[in-house]
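Per-entry structural report
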Amino acid sequence: MTDMTKNLSYYESLPYTVVVRRDEEGDFVAKIQELPGCVAHGENEAVAIEQLRSMQKLWLEDALSAGD
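None of the values given here were measured: they were computed from a predicted structure. What you see as residue numbers is a count from 1 along each chain, following the sequence as written. Local features are withheld for residues below a pLDDT of 70 in this predicted model, meaning they are given only at 70 or higher, and side-chain atom pairs are given and counted only at 80 or more; totals for whole chains, interfaces and linings count all residues. Here the side-chain values reflect all heavy atoms present in the structure, with hydrogen atoms and water set aside.

**Examining the pairing of strand β3 (residues 39–42)**
To keep it simple, the criterion reads: Accessibility here uses a 1.4 Å probe with only protein chains present; expressed as a share of the type maximum, an area under 20% marks a residue as buried, one over 50% as exposed, and anything in between as partly exposed. In this text, helices come from DSSP runs of H or I with a minimum length of four residues, and strands from runs of E with a minimum of two, each type numbered from the N-terminal end. Should DSSP find at least two bridges between two strands, the strands are taken to pair.
In β3, alternate side chains face the same way, and those of Ala40 and Gly42 are buried while those of Val39 and His41 on the opposite face are not. What sits between the antiparallel neighbours strand β2 (residues 28–32) and β3 is a turn of six residues, in which Gly37 has the positive phi angle 85 degrees.

Written as structure tokens, this is what we have:
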């Protein structure tokens, strides 16, 4: 297991604040408050949160690659 994988697993396991709201078009928007710009959309709350988990992983991988 590489250092990045260990770090990714660690950061993925942290407790994050997830906020879900409806936008003007009626879609659901989910975001993680602690990760600026980590946002996903879906036709319902469950889909928005599922998409958010994918975005979270990409966000964390990007941050770790950049040394943040």
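**Observations concerning the pairing of β2**
Burial within β2 is extensive, with four of its five residues counted as buried. Inspection of the sheet shows strand β1 (residues 18–22) paired to β2 by five bridges, in the antiparallel sense. Following the sheet pairing, Val18 is matched in β2 by Ile32. Connecting the antiparallel pair β1 and β2 is a turn made up of five residues, with Gly26 showing a positive phi of about 95 degrees. Pairing analysis gives four bridges linking β2 to β3, with the strands arranged antiparallel. Residue Val29 lies in a different strand from β3, and its bridge partner there is His41.

**Focus: the environment of Glu45**
Which entries qualify depends on this criterion: Any two residues whose heavy atoms approach within 4.5 Å at even a single point are treated as in contact.
Here Glu45 shows up in helix α2 (residues 45–65). Glu45 sits 24 residues away from Arg21 along the chain, and the two C-alpha atoms are 8.3 Å apart. Each residue touching Glu45, except ones within four places of it in the same chain, is listed here: Val20 and Phe28.

**Details of the side chain of Gln56**
Note the following rule: Any pair of N or O atoms that falls within 3.5 Å is considered a polar contact. Within protein, one atom must be able to donate a hydrogen and the other to accept it, and sequence-neighbouring residues count only if both atoms are side-chain atoms.
Among the structural elements, Gln56 can be located in helix α2. Side chain to side chain, Gln56 and Arg53 meet in a polar contact 3.0 Å long.

**Some remarks on the nonpolar core**
Applied cut-off: As used in this record, nonpolar core signifies buried Ala, Val, Leu, Ile, Met, Phe, Trp, Tyr and Cys residues forming a set joined through side-chain atoms within 4.5 Å.
Listed in full, the 12 residues of the largest apolar core are Leu8, Tyr16, Phe28, Ala30, Ile32, Leu35, Cys38, Ala40, Ala48, Leu52, Leu60 and Leu64. Looking at this core, the elements with two or more residues in it are β2 and α2. Among the elements that take part in this core, α2 stands out by supplying four residues, more than any other.

**Some points on the environment of Ala63**
Secondary-structure assignment places Ala63 in helix α2. By relative accessible area, Ala63 is classed as buried at 13%. Sequence spacing of Ala63 and Leu35 is 28 residues, and the spatial spacing of their C-alpha atoms is 9.9 Å.

Treat this as a map of the structure, not an account of what it does.
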